[in-house]
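Observations on the model geometry
Given next are the chains, with one letter for each unit.
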Amino acid sequence: MGSYKLICLSCNRTIVDNYTLSCPCGGGFVRTAYDARQLTVRDMPGMWKYYDWLPTKGFIDIPGKTVTYKSEALAKELGLRELYIAFNGYWPEIGAMIHTCSFKELEAPPTILRAMEHGGKAMVLASAGNTARAFAYLSTITGFPLIIVVPGKNLGNLWIPGREPGKSVHLIAMGEGNDYTDAINLAGRIASVPGLLPEGGAKNVARRDGMATVMLDGAVFMKTLPDEYFQAIGSGTGGVAAWEAALRLRDDGRFGQRLPRLHLAQNLPFAPMLHAWEEGRRDIMPERDMPEAKELISQMYTDILSNRNPPYSVKGGVYDAMKDTDGIMYGVTNEEAISAKKLFESLEGIDLLPASAVAVSALIQACDRGTISPDKKVLLNITGGGYERLKKDMKLNPVKPCIEVEGPDVPLDDILKVIE
Ligand SMILES: Cc1ncc(COP(=O)(O)O)c(C=O)c1O
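Residues numbered from 1 in each chain as written. Predicted model: local features only at pLDDT ≥ 70, side-chain atom pairs only at ≥ 80, totals over all residues. Heavy atoms only, no water.

Put simply, the test is: UniProt positions are given in the numbering used here, feature names are shortened, and annotations may be inferred rather than shown by experiment.
For the chain, an unreviewed UniProt entry supplies the name Cysteate synthase and the organism Methanooceanicella nereidis. The record held by UniProt for the chain lists under Pathway (unreviewed entry) the comment "Cofactor biosynthesis; coenzyme M biosynthesis."

Given below as structure tokens:
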């Protein structure tokens, strides 16, 4: 079993996990230290093949996991000899069975199970879409009560594949003018009600270690750590998770000693981490890096990749991951993402969620500029895809809101009376 302790990255204190999201010292992230130093790939369902490095005692019997394969067509087009695609979505022809079509279905199962195993009664979550869908699906499967806050304009992302949404799912829609950060603020207020657990975002080790299985799968398939790792980011948590997985694999000893360089891509014009990183700053300066944030977010190809409060500066967060891996950040325009999507789909034969197209575009930029040489082992995280493919096989049942609210300051009683 995934036996572990938590280590505070600020004060190095060892903490016994009690659904602990942060150290009493109030410093940086806590990180799991697993008893198993070497990774054993288990014959267990879905992502639980990496059970030893997941912070749960049990498992949830669903088939979703990363499927890594070696690209031929896109690799040839880009002049790369070893391009590996870590596919996170629905594509049964290659065994990819993530029914909610994004790598958020790698975060939701261990996060919900960890909360259940620690006696949680209900969880509160904010999301712009893919995360909410994955958690709503897991709540439907497990019956674990979930309160989800979503900006109204993103409601179309909320559906459950092949079954009706569970009664355990309580969806709160926010009215016009609210974005993901407004949803985070309201979710934070609701989670302060005794008995309700915050999902914790990047602070939650179950979320990070769940997403870390992408890098584990890539390295197990490639039999080595990749040289280069590409991903589209909003909060950047997936990038941090990839780095943490690489640190564990380095420690394992059988996958090489060089950490993969992180290539993380933001969708322009909203790219606060890109701006701070390019100026060598650990801190994001909101007035400089994201002036008129809501207006910029409204212009993005995919606002799934917008987060006004990413875990960038925190110890163990995106800045540290980038520094440690000598990383590179990319800004991708809407037009570049759209053309990368078309190219990938025509060459690889599966549809992409818009966020994945941002990662593909960053890879194209890197190849065009000669940033990576043709002989490098590249792992491209396709964080979401197969939505069009899924629609051929399954009915997608919308999750309906139980209440619509005007903004993050709505009285909590209004909400509590409809979810009880
Ligand atoms: C499909 C997809 N790719 C990438 C991301 C970015 O992930 P992160 O917020 O961990 O940076 C998201 C976030 O929701 C997503 O849904």
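Once the structure has been displayed, the description carries forward.
1. Thoughts on the overall build of the chain
Our working rule: Elements are defined by DSSP. Helices are runs of H or I of four residues or more, strands are runs of E of two residues or more, and each kind is numbered from the N terminus. Every radius of gyration here is taken over C-alpha atoms, with the globule rule written as 2.2 Å times N^0.38, N being the number of residues. Reported accessibility uses the Shrake-Rupley method at a 1.4 Å probe radius. Residues are deemed covered only where the shown protein chains occlude them. A positive count includes Lys and Arg, and a negative count includes Asp and Glu. His and the chain ends are not counted in either. For the purpose of locating charges, the reference atoms are NZ of Lys, CZ of Arg, CG of Asp and CD of Glu.
Across its full length, the chain holds 14 helices and 18 strands. Its C-alpha atoms give the chain a radius of gyration of 20 Å, within 12% of the compact-globule value 22 Å for 420 residues. Each of the three principal axes of the chain carries a C-alpha extent, and together these read 60 × 45 × 45 Å. Accessible surface, the chain: about 15,900 Å² in total, of which carbon and sulfur atoms supply 49%. Between the mean site of the 46 positive side-chain charges and the mean site of the 50 negative ones, the chain shows a separation of 5 Å.

2. What about the site of the ligand?
Note the threshold: Nearness of a residue to a molecule or strand requires only that one of the residue's heavy atoms be within 4 Å of it. Between N or O atoms, a polar contact is any pair within 3.5 Å; within protein, one atom must be a potential hydrogen donor and the other a potential acceptor, and residues adjacent in sequence are included only when both atoms are from side chains. Boundary definitions for the domains trace back to an automatic or database domain assignment.
Taken together, 17 residues are adjacent to the ligand, and Asn130, Gly234, Ser235, Gly236 and Thr383 come closest. The backbone of Gly238 places a nitrogen or oxygen atom 3.1 Å from an oxygen atom of the ligand. When contributions to the shell around the ligand are tallied by element, the ones reaching two or more residues are helix H3 (130-142) and helix H6 (237-252). A domain split of the shell around the ligand shows at least three residues from each of domain 1 (67-102 + 205-390) and domain 2 (104-203 + 395-419).

3. Quick notes on the sheet that holds strand S8 (residues 122-126)
As a reminder, the rule being used: Here, any two strands with at least 2 DSSP bridges between them count as paired. Here, axes are lines fitted to C-alpha atoms. For helices the fit covers the stretch in contact, and angles between N-to-C directions go from 0 to 180 degrees. Working rule for contacts: check all heavy atoms of both residues, and any pair within 4.5 Å makes them a contact.
With respect to topology, five strands assemble into an open sheet ordered S12-S8-S9-S11-S18, the strand pairing being parallel. Looking at strand neighbours, the two that pair on one side only are strand S12 (196-198) and strand S18 (403-405), the edges of this open sheet. Neighbour to neighbour, the strand axes of the sheet diverge by 25° on average, direction disregarded. As defined by bridge partners, strand S11 (residues 169-174) adjoins S18 across three bridges and the pair is classed as parallel. The partner of Met174 across the bridge, within S18, is Val405. Set on the sheet, H3 makes contact with S8, strand S9 (146-151) and S11; between it and S9 the angle comes to about 160°. Against the sheet, helix H14 (residues 412-419) contacts S9, S11 and S18, and its axis sits at roughly 170° relative to S18.

4. So, the domain arrangement of the chain
Short version of the rule: The term salt bridge refers to a pairing of a side-chain nitrogen on Lys or Arg with a carboxyl oxygen on Asp or Glu at a separation within 4 Å. Residue type decides the class: Asp, Glu, Lys and Arg count as charged, Ala, Val, Leu, Ile, Met, Phe, Trp, Tyr, Cys and Pro as nonpolar, and the leftover types, Gly among them, as polar.
The domain boundaries assigned to the chain delineate domain 1 (67-102 + 205-390) and domain 2 (104-203 + 395-419). The distance between the C-alpha centroids of domain 1 and domain 2 comes to 25 Å. The tally of links between domain 1 and domain 2 comes to six salt bridges. Between Lys294 and Asp182 there is a salt bridge; the shortest N-O distance is 2.9 Å. Between domain 1 and domain 2 we count 16 residue pairs in polar contact (both at pLDDT 80 or more) in total. Going through the elements one at a time, helix H5 (205-222), helix H9 (293-298) and helix H13 (387-393) are the ones with two or more residues in the side of domain 1 that touches domain 2. Per element, the largest residue contribution to the side of domain 1 that touches domain 2 is eight residues, and it comes from H5. By residue class, the composition of the side of domain 1 that touches domain 2 is 13 nonpolar, nine polar and five charged.

5. A look at the UniProt feature "domain: Tryptophan synthase beta chain-like PALP" (unreviewed entry) in the chain
As recorded in UniProt, the sites labelled "domain: Tryptophan synthase beta chain-like PALP" (unreviewed entry) are residues 64-384. Each end of residues 64-384 is marked by a C-alpha atom, and these two atoms are 12 Å apart; helix forms 42% of the span and strand 19%.

6. Section: the nonpolar core
In plain terms, the rule: Nonpolar core, defined: a set of buried Ala, Val, Leu, Ile, Met, Phe, Trp, Tyr and Cys residues in which side-chain atoms within 4.5 Å join the residues together. Buried, partly exposed and exposed residues are distinguished by accessible area as a fraction of the type maximum, computed with a 1.4 Å probe on protein chains only: under 20%, between the cut-offs, and over 50%, respectively.
Membership of the largest hydrophobic core comes to 126 residues, with the highest contact counts inside it found for Ile148, Phe344, Leu363 and Leu380. In this structure, this core is formed jointly by two domains, domain 1 (67-102 + 205-390) and domain 2 (104-203 + 395-419), each of which donates at least three residues. Apart from the residues lying within four places of it in its own chain, the contact partners of Ile148 are Leu125, Ala132, Ala136, Leu158, Val169, His170, Leu171 and Ile172. If you look at the next biggest cluster of nonpolar residues, it comprises 23 residues, including Met174, Tyr180, Ala187 and Ile415.

7. Examining the sheet that holds strand S2 (residues 14-15)
Reading across the sheet, the three strands line up as S2-S1-S3 and stay open at both edges, with antiparallel pairing between neighbours. Strand pairing shows two members of the sheet lacking a second neighbour, S2 and strand S3 (30-34), which therefore form its edges. Here strand S1 (residues 4-8) runs beside S3; their pairing, made up of five bridges, is antiparallel. The residue bridging Cys8 from the neighbouring strand is Val30, located in S3. Packed on one face of the sheet, H5 meets S1 and S3 and runs near 60° to S3.

8. Description of the packing of helix H11 (residues 334-348) against helix H12 (residues 354-369)
The angle between the axes and the distance between the axes are what describe a pair of packed helices. Under the convention used in this document: Small angles under 35 degrees read as roughly parallel and large ones over 145 as roughly antiparallel, with 65 to 115 read as roughly perpendicular and the rest as oblique.
The N-to-C vectors of H11 and H12 enclose an angle of 90°; their axes lie 8 Å apart at closest approach. The angle between H11 and H12 falls in the class roughly perpendicular. Contacts between H11 and H12 involve Glu336, Ala337, Ala340, Lys341, Leu343 and Phe344 from the former and Ala357, Val358, Val360, Ser361, Ile364 and Gln365 from the latter. A breakdown of the residues in the contact of H11 with H12 according to their chemical character gives eight nonpolar, two polar and two charged.

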